[in-house]
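These are the residues of each chain, in order.
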Amino acid sequence: MKRTRFFKILIPDTRIYMIIISLFIIAMAYYNHIIAITGVFVLAYLIYYNLKISNIKREEWTRYIESLSSDIDSATKQAILNLPIPLTIVEFDGTITWYNSKFPEIVDKKDLLEKNIQDVIEEFNLRDVLQNKKDNINEINVNDRYYRVLYNIIKLSKDQDSNYIIMLYWIERTDYLVIRDKLEEEKTAIALVQVDNFDEVMQTTEEAARPMVIAEIDQRLTLWASKMNGLIRKYSTDKFIVVFENKYLSTLEHKKFEILDEIREINLGNKIPITLSIGIGLDGENPQQTGDFANAAKDLALGRGGDQTAVKKIDKISFYGGKTKAVEKRTKVKARVIAYALKQLIQQADSVFVMGHKNADLDALGSAMGIYRAAKNLNKEVFVVLGSSNPSIDVLYDKIIRNEQYNKAIISCEEAKTRIVDNSLLVVVDTHRPKFTECPDLLNMTENIVVIDHHRRGTEFIENTVLNYHETYVSSTCELVTEILFYMEDKINIQQIEAEALLAGISVDTKNFTFKTGVRTFEAASLLRRAGADTTIVKQLFQDDFETIIARAEIVKNAKIIKKTVAISVCNETKNIQLIAAQAADELLNIRGITVSFVLGKKDNDIIISGRSMGDVNVQVILEKLGGGGHLTVAGAQLEGYTLDEAKKQLVNAIEEYFEEGEE
């Protein structure tokens, strides 16, 4: 406002001149009346002339503005009428009130006034315009052409609040989308293929038949690649690389990678089925990153037991297959190499810390005690990180605590964080997921991390380990640790309680040598028995109180059967819920005709699920859909923010989905 007044002062104004003249006339009247009267007449004429000129200029300016406005209105009308893109004006209810000449061309219809835009273009939804915060809607299909719809909501009258119209501009994007889709289809996908059990297959196949088996594997994989117009190269006796275009991936996913079944059906003298692990990488910024994705995906497939495909697209990972049991590897070469490497790492460390997963079971505690003994035999300071006991380990934990040599060795998470140093070695047993460990913070406090686990690998795992011993075919982590102890020294040097802890871990995970029990499992058990493990004492570690047995029986009694072979039950107990749910799931498999069982229970604000299988159904795949994991025959999940009924519905849906996928 001040700036405007300032400029008005600088602009010449005739009123100022008239006032100055008037002042001079008044002054002149004091000296000479005749000259003053003459000045009055001159002033009057000047005022008249000024008013006349001002009116003329005002009229000319008005005519100019009117003419300019008319020209602008005419130009605006012509611009809208001749707009090179389709334009439609609709009311809030979708009624078409006006359109330009281009719009009928894209819809291939005439006489569109008063018709509803959603009837003319079925894919268009006016609600998207009214509720969308953006100013456009992408990819509307009109007669096989694609348009982006830009829109503008205009208020026509200030007097009527409801007087609005919507202007729709139809910008064609067909050519862009065709090019985009073509580029997407032509993206390079890299598949790394590995025969899971090549050595075992060759060892169990007669020498004369081995070339035929190898040739059949090569031929089927070559035919598979040729169907995709892909490039396949064999770079090792059991490894292949396949490069193909992304457009074939959707077909492979739809058919659930039938090459897995085709390879498994090979029967040319081989005693055991042949299985593949396939890792596919896609959407990398360059071929190197795509190859890294493929390698990471293959490691995941192998870590989950093999006989499956993992597809990695940046952060998204999908799994296909994995419904067969992992084949036991009879060779112990890897166990010997791991034992030697772990021995070197322990010797180089200032101290050793061992931790399992939260709510530790006998396998986690037993394997931790085994690593404790390995470090002690090398004269290293070693600590077992365990926050507290729980019903599944109470008996063993009490026996360990009563032994003086272990009193100071078992420490809490908080104490471990004060003791660990940069050169400490952290050994994680019976889990590979960071969030599931007893003390996740320790993973960030040292770079020397070793993982020893037997669970099928999930999408979340501990990275940057110096040593990773991950074998899904074994019965338990205690079996792996027992073999490590054996290869570290010529003769196992182990305390009786430690041997019993390891044997208990093997027993609990194999359900007393019933599930996932191979030749090496019995060999490990015999080593522990020879080292002093008492099987009677191990049996006592599994004894339950009377209340637990009654609760378990109640769960079995209330079980419901779906799919003829799947039993689902709910545990209403709140005490020892995890232990009771797991035991009840095992108990349900003793019922004739039941091959799969699930037990749900509520712990604090979470719902826990224990799943068990006889081997025909992969409970890990089912519970992975709910965020869980585990093994083909033993798995679990934990749901937050659900009631028991809601969680049960989610579980049933996951089971239905699993069986539907298997029937495709």
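Residues numbered from 1 in each chain as written. Predicted model: local features only at pLDDT ≥ 70, side-chain atom pairs only at ≥ 80, totals over all residues. Heavy atoms only, no water.

Examining the domain arrangement of the protein
As assigned here, the protein comprises domain 1 (6-80), domain 2 (87-180), domain 3 (187-321), domain 4 (334-541) and domain 5 (546-661). Between the C-alpha centres of domain 2 and domain 3 the distance comes to 49 Å. (Domains from an automatic or database assignment.)

Focus: the pairing of strand S15 (residues 425-429)
A large share of S15 lies buried, amounting to 5 of its 5 residues. Here S15 shows no split at all, with Leu-425, Val-427 and Val-429 on one side and Leu-426 and Val-428 on the other all buried. Here strand S12 (residues 352-355) runs beside S15; their pairing, made up of 4 bridges, is parallel. Looking at the pairing, Val-352 lines up with Leu-425 of S15. In this sheet, strand S16 (residues 449-453) lies alongside S15 in parallel orientation, the contact comprising 4 bridges. (Buried < 20%, exposed > 50% of the residue type's maximum accessible area, 1.4 Å probe, protein only. Helix = DSSP H or I, 4+ residues; strand = E, 2+ residues; numbered from the N terminus. Pairing = 2+ DSSP bridges.)

Describing the pattern of salt bridges
Evaluation of the coordinates by the stated rule reveals 21 salt bridges. Lys-625 is the salt-bridge partner of Glu-657, the closest N and O atoms lying 3.4 Å from each other. Pair noted here: Glu-657 is in helix H25 (residues 644-663) and Lys-625 is in the loop between helix H24 (619-624) and strand S22 (629-630), with a separation of 32 residues, a long-range link. Residues joined by salt bridges that share partners form a network here, namely Glu-184, Lys-187 and Asp-283. (Salt bridge = Lys/Arg side-chain N within 4 Å of Asp/Glu carboxyl O.)

Some thoughts on the sheet that holds strand S10 (residues 308-313)
The mixed open sheet is built from 6 strands, whose spatial order is S7-S8-S6-S9-S10-S11. In this open sheet, the two strands that pair with only one neighbour each are strand S7 (231-236) and strand S11 (316-321). Within this sheet the neighbouring strands show an average axis-to-axis angle of 15 degrees, counted without direction. One ladder, built from 6 bridges, connects strand S9 (residues 276-282) with S10; its direction is parallel. Looking across to S10, one finds that Gly-279 is bridged to Ala-310. (Axes fitted to C-alpha atoms, helices over the stretch in contact; angles between N-to-C directions.)

Some words on the packing of helix H14 (residues 362-377) against helix H15 (residues 394-402)
Taken N-terminus to C-terminus, the directions of H14 and H15 make an angle of 25 degrees; their axes are 10 Å apart at the nearest point. Comparing their axes, H15 and H14 come out roughly parallel. Regarding H14 and H15, the two cross each other, and that crossing is left-handed. The residues of H15 that touch H14, namely those facing Leu-362, Leu-365 and Met-369, are Leu-396, Tyr-397 and Ile-400. The residue makeup of the contact of H14 with H15, split by class, is 6 nonpolar, no polar and no charged. (Parallel < 35°, antiparallel > 145°, perpendicular 65-115°, else oblique. Left-handed = near helix turned anticlockwise from the far one by under 90°. Contact = heavy atoms within 4.5 Å. Nonpolar A, V, L, I, M, F, W, Y, C, P; charged D, E, K, R; others polar.)

Let's talk about the packing of aromatic side chains
Centre-to-centre distance and the angle between the planes together describe a pair of aromatic rings. In this structure the tally under the stated criterion is 9 aromatic pairs. With a centroid separation of 6.2 Å and an interplanar angle of 50 degrees, the aromatic rings of Tyr-99 and Phe-103 are classed as tilted. The buried category is assigned to Phe-103, whose relative accessible area is 0%. What links up through ring pairs into an aromatic cluster is the set Tyr-99, Phe-103, Phe-124 and Trp-170. Directly above the aromatic system of Phe-293 lies the positively charged group of Lys-312, at a separation of 5.3 Å from the ring centroid. (Phe/Tyr/Trp six-rings, centres within 6.5 Å; stacked < 30°, edge-to-face > 60°. Lys NZ or Arg CZ within 6 Å of the ring centre and 35° of its normal.)

Concerning the pairing of S11
In this structure, S10 lies alongside S11, joined through 6 bridges in antiparallel fashion. Residue pairing across strands places Lys-313 opposite Lys-316, the latter belonging to S11. Adjacent in sequence and paired antiparallel, S10 and S11 are bridged by 2 residues, among which Ile-314 carries a positive phi angle near 55 degrees.

Examining the UniProt feature "domain: GGDEF" (unreviewed entry) in the protein
Within the UniProt annotation, "domain: GGDEF" (unreviewed entry) is assigned to residues 186-314. Here residues 186-314 runs as 41% helix and 26% strand, with 17 Å between its end C-alpha atoms. (UniProt positions renumbered as here; feature names shortened; annotations may be inferred.)

Observations concerning the environment of Arg-145
Along the chain, Arg-145 falls in strand S4 (residues 145-155). Sequence separation between Arg-145 and Glu-547 is 402 residues; the distance between their C-alpha atoms is 70 Å. Each residue touching Arg-145, except ones within four places of it in the same chain, is listed here: Ile-140, Glu-172, Thr-174 and Asp-175.

Structural notes on the environment of Phe-353
Residue position: Phe-353 is located in strand S12. Spatially, the C-alpha atom of Phe-353 lies 9.3 Å from that of Ile-371, the residues being 18 residues apart in sequence. Residues contacting Phe-353, with those up to four places away along its chain left out, are Phe-383, Val-385, Ile-411, Ala-416, Arg-419, Ile-420, Ser-424, Leu-425, Leu-426 and Val-427.

Details of the side chain of Thr-275
As for its placement among the helices and strands, Thr-275 is situated in the loop between helix H11 (259-264) and S9. Among the polar contacts listed, one links the side chain of Thr-275 to the side chain of Asp-196, at a separation of 2.9 Å. In contact with Thr-275, not counting residues within four places along its chain, are Gln-194, Val-195, Asp-196, Asn-197 and Asp-307. (Polar contact = N/O pair within 3.5 Å; in protein donor to acceptor, adjacent residues only side chain to side chain.)

Re the state of the cysteines
Overall, the coordinates contain 1 disulfide when judged by the stated rule. Across a sulfur-sulfur distance of 2.0 Å, Cys-413 and Cys-439 are joined as a disulfide pair. Disulfide Cys-413 to Cys-439: torsion about the S-S bond roughly 45 degrees, handedness right-handed. Linking Cys-413 in helix H17 (residues 413-419) with Cys-439 in the loop between S15 and S16, this pair joins segments that are 26 residues apart in sequence. Residue Cys-413 is classed as buried on the basis of its relative accessible area of 18%. (Disulfide = S-S within 2.5 Å.)

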